[in-house]
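Chain by chain, the residues:
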Amino acid sequence: MIGGRVVPDVLAAVDLGSNSFHMVVARYSHGQLVILDRLREMVRLAAGLGDSGRLDDVAADRALRCLERFGQRLRAMHADSVRVVGTNALRRAKRKRWFLERARAALGHPIEIISGLEEARLIYSGVAHTSPMSPDKRLVIDIGGGSTEVVIGEGFNPLLLESLSVGCVGLSSSYFDDGRISEKRFERARTAVRLELEPIQEAYRKLGWLQAFGSSGTVRVIGDVIRRLSPDSPRITIDNLRSLADRVIAAGHVDDLELEDVDAERAPVFPAGLVILLEIAENFGVDRIRVAEGAMREGLLYDLMGRFTDEDARVRSVRAMEQRYHVDALQADRVEATATAMLEQVESEWGLEDPLAELVLRWAARLHETGLDIAHSKYHRHSAYLLQHADMPGFPREEQLLLAGLVGGHRRQLSFEALEDLVPPWDRLAEFLIVLLRLAVLLNRGRSPQPLPEVRLHVKGRNVSLELPERWMKEHPLTLEDLEQERVYLKDAGFRLNLNRTPPETALKTP
């Protein structure tokens, strides 16, 4: 037990990458994570995205069969807490809800789609937690199938993060699609990568680092190849990368690479991965790159463990947003307390027992006024926009959209249009959370330091009954008027709000 919460015995992380799917299962023991099992399958999801951005049936079927196998292993190992994330390929995919729903059924757990910067943060965390502690700044490079993440950090803290829209699968499709390799194709691919690096290389060189690490399969395989070809100089250096590039070009085709460590699955994307790493090394001035033990899946495990301690990255992001946008913390406290008290009364009837329901309601209560820092008029829309588009470390895309949807619906005319793209069941459950947030904000509109009386809430389907002491309602006519207007707003959204007065002799005051 840590911080009053029990850390699950077995945790698992699943990384649905653009090239490969990875799963790692670990046991929490004496404050440490002990790896129990690892699985990896080359799925090449990004290769299944057509020009329209839709995932083709062949790639989808390949992915779902893999997830069924992963799901069987998770169930056999009795994993208590599992986090599954999708990266670049699923970020880019259009009309993907059908796939996400089938993937959830196959795996037995929902899939979160994370932003590129969140991917970069998790990658850095995985490397930092599995590398020797050092006070020096370190550069971390991760070449994936659909994107490349470049991070400078210190200790466990990332300082500069970037996710580039170039990966070994996409670059292969553009320049080595038929498997042929020539000097001209290689140089064209290098130019494409150089253009991606140009806007960021000045900032990275200026911040600087003393150690450079490469994580995940592409860098690991390149490191294995170099060690085998150059046993007297087994490190990944610019000179060794250049020599390897000459050898790859001379092969002329991916089928003729004759590199023992590059299997048939890896060969089609190996030249592109080499191009990316070589360009980063040359443009950033990286003399030596170490192969890291950890990667994003390890970062996911430590992030998941952090949610049971005082290290939840999402909580830190919420606090940072409060400070950045000068949120009235006392008012946020009041709204949060009222909203969670009402949630406790209705969570069973409305099916809101999932721990995320309480968390996102608390965060929405704390951040619903962020937009006031921009303008008072329509501030709820400003708040929603900020929460939807801000970089919020720790938040997967779905949770961030859910949070923005709650905040955007917390006042005035109510529309659920922003919830339509949420993954079930949150597209439906979010409506109930919005009602709770609206009532909590409304009851605390006076911003009084005096505590509210006991608020009783009863629900049956979309019928909502709110009970308040009769005396209090008489003493707060403006709130009563707001509640009458809220009836109209909720009725237009398919809810029915009933206002009931608790007689004085039965009214109970909040301690």
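Refer to the structure presented above.
Fair warning: this is a prediction, and the values are worked out from it, not measured in the lab.

Enquirer: How should the sheet that holds strand β10 (residues 236-237) be read in this particular structure?
Expert: Ordered by their spatial adjacency, 6 strands build an open sheet running β8-β7-β6-β9-β11-β10, and the pairing between neighbours is mixed. Only two strands of the sheet have a single neighbouring strand rather than two, namely β8 (157-164) and β10. By the bridge criterion, 2 bridges tie β10 to strand β11 (residues 288-291) in an arrangement that is antiparallel. Paired with Ile 236 across the two strands is Ile 289, which belongs to β11. In the packing of helix α4 (residues 116-129) onto the sheet, contacts are made with β6 (137-143), β7 (148-154), β8 and β9 (211-215), and the angle to β8 comes to roughly 130°.

Enquirer: Please clarify how the state of the cysteines should be interpreted in this entry.
Expert: A disulfide bridge is the covalent bond that connects two cysteines by way of their sulfur atoms. For the structure on display, the rule yields 0 disulfides. Note on Cys 66: no disulfide assigned, nearest cysteine sulfur contributed by Cys 168 at a separation of 16 Å. Of the residues examined, Cys 66 reaches a relative accessible area of 0% and is grouped as buried.

Enquirer: Honestly, unusual backbone geometry in this entry has me stumped. Any pointers?
Expert: Note: most residues except glycine have negative phi, and most peptide bonds are trans. Here the amide bond leading from Pro 424 into Pro 425 is cis, since omega sits at 5°, within 30 degrees of zero. By secondary structure assignment, the location of Pro 425 is in the loop between α15 (397-408) and α16 (426-443). Phi is positive for His 78, which is not a glycine, with a value near 55°. Looking at the secondary structure, you find His 78 in the loop between α1 (57-76) and β4 (81-86). On the basis of relative accessibility, which here comes to 60%, the residue His 78 falls in the exposed class.

Enquirer: Is there a simple way to explain the sheet that holds strand β13 (residues 463-469) in this structure?
Expert: Strand pairing within a sheet occurs via backbone hydrogen bonds; the two strands may be parallel or antiparallel. Judged by pairing direction, the sheet is mixed, and its 3 strands sit side by side in the order β12-β13-β14 without closing on themselves. With partners counted over all chains shown, the strands left at the sheet margins are β12 (456-460) and β14 (496-502), one partner each. On average, each strand axis in the sheet is inclined to that of its neighbour by 20°, with strand direction left out of account. The sheet contact formed by β12 and β13 spans 5 bridges and is antiparallel. Paired with His 458 across the strands is Ser 465, a residue of β13. The strands touched by helix α12 (residues 329-350) are β12 and β13; relative to β12, the strand with the most contacts, the crossing angle is about 10°.

Enquirer: Can you walk me through the packing of helix α13 (residues 355-367) against α15 in this structure?
Expert: α15 packs onto α13 with a crossing angle of 55° between their chain directions and a minimal axis gap of 9 Å. On the basis of the axis angle, α13 is oblique to α15. Where α13 crosses over α15, the handedness of that crossing is right-handed. Facing Leu 356, Val 360, Leu 361, Trp 363, Ala 364 and Leu 367 of α13, the residues of α15 in contact are Glu 399, Leu 402, Leu 403, Leu 406 and Val 407.

Enquirer: Sorry if this is basic, but what is going on with the packing of helix α14 (residues 379-389) against α15 here?
Expert: Axis angle and axis distance: for two packed helices, these are the angle between their axes and the distance between the axes, and together they describe the pair. Close contact between α14 and α15 brings their axes to 8 Å; oriented N to C, the two are set at 175°. With respect to α15, the element α14 is oriented roughly antiparallel. Two secondary-structure elements touch here, α14 through His 380, Ser 383, Ala 384, Leu 387, Gln 388 and His 389 and α15 through Arg 397, Gln 400, Leu 401, Leu 403, Ala 404, Val 407 and Gly 408. Grouping the amino acids of the contact of α14 with α15 by side-chain chemistry returns 6 nonpolar, 6 polar and 1 charged.

Enquirer: Mind showing me how you'd approach the pairing of β4 here?
Expert: When you tally the buried positions in β4, you get 6 out of 6 residues, the bulk of the element. Covered by surrounding structure in β4 are Ser 81, Arg 83 and Val 85 together with Val 82, Val 84 and Gly 86, the residues of both alternating faces. In this sheet, β4 lies alongside strand β1 (residues 10-16) in parallel orientation, the contact comprising 6 bridges. In the strand pairing of β4, Ala 12 is matched with Val 82. Two elements, β4 and strand β5 (residues 112-113), share 2 bridges in a ladder whose sense is parallel. Its bridge partner being in β5, Val 85 is matched across the sheet by Glu 112.

Enquirer: Explanation requested: the layout of surface pockets in the structure shown.
Expert: Unfilled space is identified by rolling a water-sized probe across the atoms. Approximately 1100 Å³ is the volume attributed to the largest pocket. Elements with a minimum of two residues in the lining of the largest pocket: β4, α11 (313-324), α13, α15 and α16. The dominant element in the lining of the largest pocket, judged by the number of residues it contributes, is α13, at 6 residues.

Enquirer: How do you make sense of the environment of Val 291 when you look at a structure like this?
Expert: Within the secondary structure, Val 291 sits in strand β11. Between the C-alpha atom of Val 291 and that of Ser 215, which follows or precedes it by 76 residues, the distance is 6.1 Å. Once residues lying within four places of it in the same chain are set aside, the contact partners of Val 291 are Gly 214, Val 219, Arg 220, Gly 223 and Ile 236.

About the criteria used
- Residues numbered from 1 in each chain as written.
- Predicted model: local features only at pLDDT ≥ 70, side-chain atom pairs only at ≥ 80, totals over all residues.
- Heavy atoms only, no water.
- Pairing = 2+ DSSP bridges.
- Helix = DSSP H or I, 4+ residues; strand = E, 2+ residues; numbered from the N terminus.
- Contact = heavy atoms within 4.5 Å.
- Axes fitted to C-alpha atoms, helices over the stretch in contact; angles between N-to-C directions.
- Disulfide = S-S within 2.5 Å.
- Buried < 20%, exposed > 50% of the residue type's maximum accessible area, 1.4 Å probe, protein only.
- Parallel < 35°, antiparallel > 145°, perpendicular 65-115°, else oblique.
- Left-handed = near helix turned anticlockwise from the far one by under 90°.
- Nonpolar A, V, L, I, M, F, W, Y, C, P; charged D, E, K, R; others polar.
- 1 Å grid on protein atoms, 1.4 Å probe; cavity = no way out; pocket = protein on both sides within 12 Å on 5 of 7 lines; lining within 4 Å.
- Points joined across faces, edges and corners; volume = space filled by probe spheres on them.

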